[in-house]
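# Coordinates in review
So the chains spell out like this:
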Amino acid sequence: MRRAAIGSVLTVMLLCTISFGAVAEDKSEKEIERYRAMISDPMSNPGFLAVDRGEVLWSEKRGSKNVSLEGCDLGLGAGKLEGAFAKLPRFFKDADKVMDLEQRLLWCMQNLQGLDTKDVIARRFSGPGRASDLEDLVAYIANKSNGMKIDVQLSHPKEMEMAAVGEELFFRRGGVMDFSCATCHGDEGKRIRLQGLPNLSKAGKQSQETMGSWPTYRVSQGALRTMQHRLWDCYRQQRWPVPEYASDSITALTVFLNKQALGGEINVPSIKR
């Protein structure tokens, strides 16, 4: 009798603990969302400082040819920004390859402006007292697609190939921890600390909301970050060798993830932990 009573008490305690944990997690998510909403306005969101800096950089004449990036074709014609980010990565005939936004910007800097991009790449990620031209330009250009739908191009054979390579990379395990992208983002209901982890292995809402919110202002880092940084940091945390900046592997992963997110609405720069 006593054992049965103790067992009943323990069962109730366990259920209460699970219930309390679920309530605490739900409350944490709501508080995080409330905080994001408070600073999501352009007048409060620090990410819009990067947008403003990017606008200046876009029209600034630089390089040996002393021209601006306004002649750069991001897929819709020279200098056309509205909706360009929504269709990236995509195949560019002049470069004969599929490029994401950062790759294309570097190509335009080198070929259109005649700019030595060594310093630009060295500052690919911003830090204390050190701005990043690429982060700022991505913020400015991506913001021009706000309210539009993710529409990554998949008609050219090389675009389809990159999507297939990206899917293979997403599920490929490796590194000292034998992790893959899918280890954290291949199932429902996973969390890390207070942060929910979206299931990106499925096309649909979670992928759409995730990909439609980058670039983002990372409160914990006090900086605007792009998808390049997010994927680089994911590999670092998995203890893989980190990929080179603007590498084809990162572009392939982005093609696959945007394929999963087709039709999602873009709203950037967003706010994240």
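Our structure's up above, just so we're on the same page.
Note that the structure is predicted; figures quoted are calculated from it, not measured.

Across its full length, the chain carries 10 helices and 7 strands. Of the contacts made within the chain by residues no fewer than 6 positions apart, 65% connect residues no fewer than 24 positions apart.

All right, on to the side chain of S126 then. Following the sequence through the fold, S126 ends up in the loop between α4 (118-122) and α5 (133-143). Residue S126 is classed as buried on the basis of its relative accessible area of 14%. Polar contacts involving the side chain of S126 include one to the side chain of E135, which spans 2.7 Å. Apart from the residues within four sequence positions on either side, S126 is in contact with A131, S132, E135, A223, L224 and R225.

Right, let's talk about the nonpolar core for a bit. If you look at the biggest cluster of nonpolar residues, it comprises 60 residues, and the most contacted ones within it are W58 and L105. Residue contributions to this core peak at 7 residues, all from α5. Aside from chain neighbours lying at most four places away, what touches W58 is S68, L69, E70, C72, L74, G79, L81, L105, L137, Y140 and I141.

Every buried residue belonging to helix α2 (residues 47-59) is among G47, F48, A50, V51, G54, L57 and W58, and all of these are buried. Down the axis, α2 shows its buried residues gathered within 165° of arc, on one side only. Residues of α2 that are exposed and point over 90 degrees away from its buried face: L49 and V56. Buried residues in α2 make contact with α3 (101-111), α5, β5 (216-218) and β6 (223-225).

What follows covers the packing of aromatic side chains. With the rule as written, the count across this model stands at 5 aromatic pairs. An angle of 50° between the planes, with centres 5.2 Å apart, marks the rings of F125 and W232 as tilted. Of the two residues, F125 is situated in the loop between α4 and α5 and W232 in helix α9 (residues 227-237); the sequence distance between them amounts to 107 residues. What links up through ring pairs into an aromatic cluster is the set F125, W232 and Y245. Above the face of the W107 ring, R104 is positioned so that its terminal group lies 4.3 Å from the ring centre.

So, how was this worked out
- Residues numbered from 1 in each chain as written.
- Predicted model: local features only at pLDDT ≥ 70, side-chain atom pairs only at ≥ 80, totals over all residues.
- Heavy atoms only, no water.
- Helix = DSSP H or I, 4+ residues; strand = E, 2+ residues; numbered from the N terminus.
- Contact = heavy atoms within 4.5 Å.
- Buried < 20%, exposed > 50% of the residue type's maximum accessible area, 1.4 Å probe, protein only.
- Polar contact = N/O pair within 3.5 Å; in protein donor to acceptor, adjacent residues only side chain to side chain.
- Core = buried A, V, L, I, M, F, W, Y, C linked by side-chain atoms within 4.5 Å.
- Arc of directions from axis to C-beta.
- Phe/Tyr/Trp six-rings, centres within 6.5 Å; stacked < 30°, edge-to-face > 60°.
- Lys NZ or Arg CZ within 6 Å of the ring centre and 35° of its normal.

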